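Descriptive structure summary
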Amino acid sequence: AINEVTAANNAAYYPVTVLAEDNYEQNDDLASAYPIINNELTWLNTIDGYGIQRDDDWYQIYVTPGFHNVLVDLRFTDADGDIDVQLIDASGTTLAGSYSVSDNEYINTVVPAGGYYYLRVYYGNAGNTYNLWWDDIQVTHTLTVRKLGTGSGTVTSSPAGINCGTDCTQDYVD
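A brief report on the enclosed structure follows. On a predicted model such as this, the values are computed, not experimentally measured, just so you know.

This part takes up the sheet that holds strand β2 (residues 51-53). Reading across from one edge, β2-β9-β4-β7 is the order of the four strands in this open sheet, with antiparallel pairing throughout. Looking at strand neighbours, the two that pair on one side only are β2 and β7 (105-110), the edges of this open sheet. Across this sheet, the average inter-strand angle for adjacent strands is 30°, counted without regard to direction.

Right under this line is the structure:
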């Protein structure tokens, strides 16, 4: 009798390649984003290992009201495969992105309000590893008063900070 070779009786006949996934899967879209809302200032590899960019990877962050300046740092080796990153709001609108063709991507942008936002790590799907870090910081504006002419007097501010005669510059938070 001739035995037919099948996957059931001869695994070597049908070689299988198993592609490694990272510990954040399944996070392939906005609805299944992996929450890193409590991991500000924390590299991804210290949470549950490095990310692997084999498909779109989504992460959920929470921007604190008043801290609307969002910073994102994505580290990887471009020679292993290009990766890009986007900051996306809850409705799916892209607010910012970084799309270089070299190692690493960075975002530094101001969002309109506090709340939930999403980071999308995507592009080459080469299976290379990456590390990710984020933070939200207060937006500050510097006010400088210049005295011109030969007049006299003092300029003060409310809220306090400027008392120009001597202190003519102050940083204010949004």
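Okay, back to it.
Summarising the element assignment, N69 is placed in strand β4 (residues 69-75). Sequence separation between N69 and V110 is 41 residues; the distance between their C-alpha atoms is 4.3 Å. Ignoring sequence-local partners within four residues, the contact set of N69 consists of N108, T109, V110, D135, D136, I137 and V139. Side chain to side chain, N69 and N108 meet in a polar contact 2.8 Å long.

In the structure shown here, the tally under the stated rule is two salt bridges. Between D56 and R120 there is a salt bridge, with the nearest N and O atoms lying 3.0 Å from each other. A residue pair is termed long-range when its members are at least 10 positions apart, and D56 in the loop between β2 and β3 (57-63) and R120 in strand β8 (residues 115-123) qualify at 64 residues. The class for D56 is partly exposed, based on a relative accessible area of 23%.

The final tally for this structure, using the stated rule, is one disulfide. The partner cysteine of C164 in its disulfide is C168, sulfur to sulfur 1.8 Å. Around the S-S axis, the bridge from C164 to C168 shows a dihedral of about 75° and counts as right-handed. Judged by relative accessible area, which is 0%, C164 ranks as buried. C168 sits in the buried class, given a relative accessible area of 18%.

On to the packing of aromatic side chains, then. Inspection of the entire model under this criterion finds four aromatic pairs. Arranged with centres 4.8 Å apart and planes meeting at 85°, the rings of Y24 and Y34 form a pair that is edge-to-face. Residue Y24 is found in the segment before β1 (34-35), and its partner Y34 is found in strand β1; the two are separated by ten residues along the sequence. Assessed through its relative accessible area of 25%, Y34 is described here as partly exposed. Ring centres of Y24 and Y59 lie 5.8 Å apart, and the angle between their planes is 70°; this geometry places the pair in the edge-to-face category. Taken as a pair, Y24 in the segment before β1 and Y59 in strand β3 lie far apart in primary sequence, 35 residues in all. Accessibility classification places Y24 together with Y59 in one group, the buried group. One aromatic cluster is present, formed by Y24, Y34 and Y59 through successive ring pairs. If you follow R120 out to its NZ or CZ, it ends over the ring of Y122, 3.7 Å from the centre.

Analysis parameters
- Residues numbered from 1 in each chain as written.
- Predicted model: local features only at pLDDT ≥ 70, side-chain atom pairs only at ≥ 80, totals over all residues.
- Heavy atoms only, no water.
- Pairing = 2+ DSSP bridges.
- Helix = DSSP H or I, 4+ residues; strand = E, 2+ residues; numbered from the N terminus.
- Axes fitted to C-alpha atoms, helices over the stretch in contact; angles between N-to-C directions.
- Contact = heavy atoms within 4.5 Å.
- Polar contact = N/O pair within 3.5 Å; in protein donor to acceptor, adjacent residues only side chain to side chain.
- Salt bridge = Lys/Arg side-chain N within 4 Å of Asp/Glu carboxyl O.
- Buried < 20%, exposed > 50% of the residue type's maximum accessible area, 1.4 Å probe, protein only.
- Disulfide = S-S within 2.5 Å.
- Phe/Tyr/Trp six-rings, centres within 6.5 Å; stacked < 30°, edge-to-face > 60°.
- Lys NZ or Arg CZ within 6 Å of the ring centre and 35° of its normal.

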